[in-house]
Amino acid sequence: MHGHIEGKPILEVRDLTVEYDTGGDRPVVAVDSVDLDVHAGEFVGVVGESGCGKSTLLFAIAQLLSPPAAITSGDVRFQGQNLVAMSEKKLAALRWRDFSVVMQSAMNALNPVTSIGTQFRDAIMAHDEAVADDRPAEVMRLVGIDPIHLKSYPHQLSGGMRQRAMIAMALLFTPDLIIMDEPTSALDVVAQRSLMVQIKELQQQLGFAVVFVTHDMSLISHFSDQLVVMYAGQVVELGATRAVFDHPAHPYSKGLLDAFPSIRGPKVPLIGIPGSPPNLAHPPSGCRFNPRCPEVFADCPKVEPELYQVGAVQARCLLHAPGAATAAEPVQEARS
């Protein structure tokens, strides 16, 4: 899949900031100056604890935010077009056809009073009437569901089948990008694994790119090419998934990796991360992870770290700042 990386990314997110206007003295910044590139056919995982801004980031990319949330700065370019500046009419034409979205608990996003087939046909009528009549049956087969279930109502399907039906719907128009928000969180571990294997196989077969949000590091480790670790609205580490797993550069990434057991190797105690994520209405000064960080030092509460290049990854940690013991360059200038 890495062969696709030459050339321009199909999705370029630059300096994206999302604020929630809560009516208080200052807005809550849920996504803070995020940069992200996704290339054709690439699988990008976005991980972090609940409330770190992962889902808000996805909603912002897909232009599905609703008040009080709003994009206050930045661009989202998809195939060269800036989605942030686009009219709702033009966006509606792109959504589902060129990029599609599978929401968390997507299995509850199906209309309970109409059959699966009717919902597929409604989507086709709304977006591209030229789609072949047998396409709904084709996409159901792609996700491993007998097309006979096009006649079924959502309540007649198991949770896993409803989730697969939503992925089938996302594939109706063979989009170039599918954005997924924890699509496996409502499923048991076996169903999760089989759905992930299926998504990966479909991706390799059809060539679409995936942005996949989850809090489950072990789930994403086998399937993503690139990994974005978020904390308190910011990207704190990003790089090739294997590089982040093998040599995590940010103490938060290390904490996330230490919080799930390895199947092989000696038994080690699971450490986890003490404390809880900060309130985004009043984030800590300096590095946002400093109140929970095992490697905190004097500058951490005072200096806001940038993303620094650390070997093959980028990490927002003062341990890697120029002049620190492991000197590295900020990457902001290099990327702009």
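A quick note: this is a predicted structure, and the numbers were derived from the prediction, not measured. (Residues numbered from 1 in each chain as written. Predicted model: local features only at pLDDT ≥ 70, side-chain atom pairs only at ≥ 80, totals over all residues. Heavy atoms only, no water.)

Chemist: Describe the overall build of the protein chain, listing the residues and the values that go with them.
Modeler: Looking only at helices and strands, the protein chain has ten helices and twelve strands in total. Seen through its principal axes, the protein chain has C-alpha atoms that stretch 65 × 50 × 40 Å. Among the 336 residues that make up the protein chain, the fraction classed as buried is 51%. Pairs at least 24 apart in sequence give 63% of the contacts found in the protein chain among residues at least 6 apart. When the accessible area of the protein chain is evaluated, it comes to approximately 15,400 Å², of which 54% is carbon and sulfur surface. (Helix = DSSP H or I, 4+ residues; strand = E, 2+ residues; numbered from the N terminus. Buried < 20%, exposed > 50% of the residue type's maximum accessible area, 1.4 Å probe, protein only. Contact = heavy atoms within 4.5 Å. Areas by Shrake-Rupley, 256 points an atom, 1.4 Å probe, with all protein chains shown as cover.)

Chemist: Go over the packing of helix H5 (residues 159–170) against helix H6 (residues 189–206), please, and point to the residues and values.
Modeler: Following both chains from N to C, one finds H5 and H6 inclined at 15°, their axes separated by 11 Å at the closest point. In terms of orientation, H5 lies roughly parallel with respect to H6. When the axes of H5 and H6 are compared, the crossing they make is right-handed. Taken together, the residues of H6 that come into contact with H5 (itself represented by Gln163, Arg164 and Ile167) are Ala191, Ser194, Leu195, Gln198 and Ile199. Looking at the contact of H5 with H6 residue by residue, the classes come out as four nonpolar, three polar and one charged. (Axes fitted to C-alpha atoms, helices over the stretch in contact; angles between N-to-C directions. Parallel < 35°, antiparallel > 145°, perpendicular 65-115°, else oblique. Left-handed = near helix turned anticlockwise from the far one by under 90°. Nonpolar A, V, L, I, M, F, W, Y, C, P; charged D, E, K, R; others polar.)

Chemist: I'd like a rundown of helix H1 (residues 54–61), residues and numbers included.
Modeler: Counted residue by residue, H1 has six buried out of eight residues, so it is predominantly covered. Three or more residues of H1 are buried, namely Lys54, Thr56, Leu57, Leu58, Ala60 and Ile61.

Chemist: Mind laying out the pairing of strand S10 (residues 234–240), listing which residues take part and the relevant values?
Modeler: Judged by how many residues are buried, S10 sits mostly within the fold: six of seven residues are covered. Where strand S9 (residues 226–231) and S10 come together, six bridges link them in antiparallel fashion. Bridging across to S10, Val229 finds its partner in Glu237. The hairpin formed by S9 and S10 contains two residues between the paired strands, and Ala232 there has a positive phi angle of roughly 50°. Relative to strand S12 (residues 313–315), S10 is paired through two bridges, and the arrangement is antiparallel. Note on S12: the bridge partner recorded for Leu238 is Gln314. (Pairing = 2+ DSSP bridges.)

Chemist: Could you give an account of H5, naming the residues involved and the relevant values?
Modeler: Over its twelve residues, H5 extends 17 Å from the first C-alpha to the last, a length consistent with the 16 Å expected when each residue adds 1.5 Å. With ten of its twelve residues buried, H5 lies for the most part within the structure. All of the buried residues along H5 are Gly160, Arg162, Gln163, Arg164, Ala165, Met166, Ile167, Ala168, Met169 and Ala170. Of the surrounding secondary structure, the elements contacted by the buried residues of H5 are strand S6 (99–102), helix H3 (116–127), helix H4 (135–142), strand S7 (177–181) and H6. (Expected span 1.5 Å × (residues − 1).)

Chemist: I'd like a description of the sheet that holds strand S5 (residues 81–82), backed by residues and values.
Modeler: If you walk across this open sheet you meet the four strands as S2-S1-S4-S5, and the pairing is antiparallel. In this open sheet, the two edge strands, each paired with only one partner strand, are strand S2 (28–38) and S5. Sheet topology places strand S1 (residues 11–20) next to S2; seven bridges connect them, and they run antiparallel. Considered in S2, the bridge of Val18 is made with Val31. H1 rests against S1, S2 and strand S4 (69–78) of the sheet, and its axis sits at about 115° to S1.

Chemist: Any details on the sheet that holds strand S3 (residues 43–47)? Residues and values, ideally.
Modeler: Pairing is mixed across the open sheet formed by eight strands, whose spatial order is S6-S7-S8-S3-S9-S10-S12-S11. Looking along the sheet, the strands with just one partner apiece sit at the ends: S6 and strand S11 (308–310). Within the sheet, the average angular offset between the axes of one strand and its neighbour, ignoring direction, is 20°. Docked against the sheet, H5 engages S6 and S7, running at close to 170° with respect to S6. Together, S3, S9 and S10 form the strand contacts of helix H9 (residues 251–258), whose direction differs from that of S9 by roughly 105°.

Chemist: Give a detailed account of the pairing of S1, specifying residues and quantitative values.
Modeler: Judged from the eight bridges that link them, S1 and S4 form a sheet pairing that is antiparallel. By the bridge assignment, Tyr20 is partnered in S4 with Ala69.

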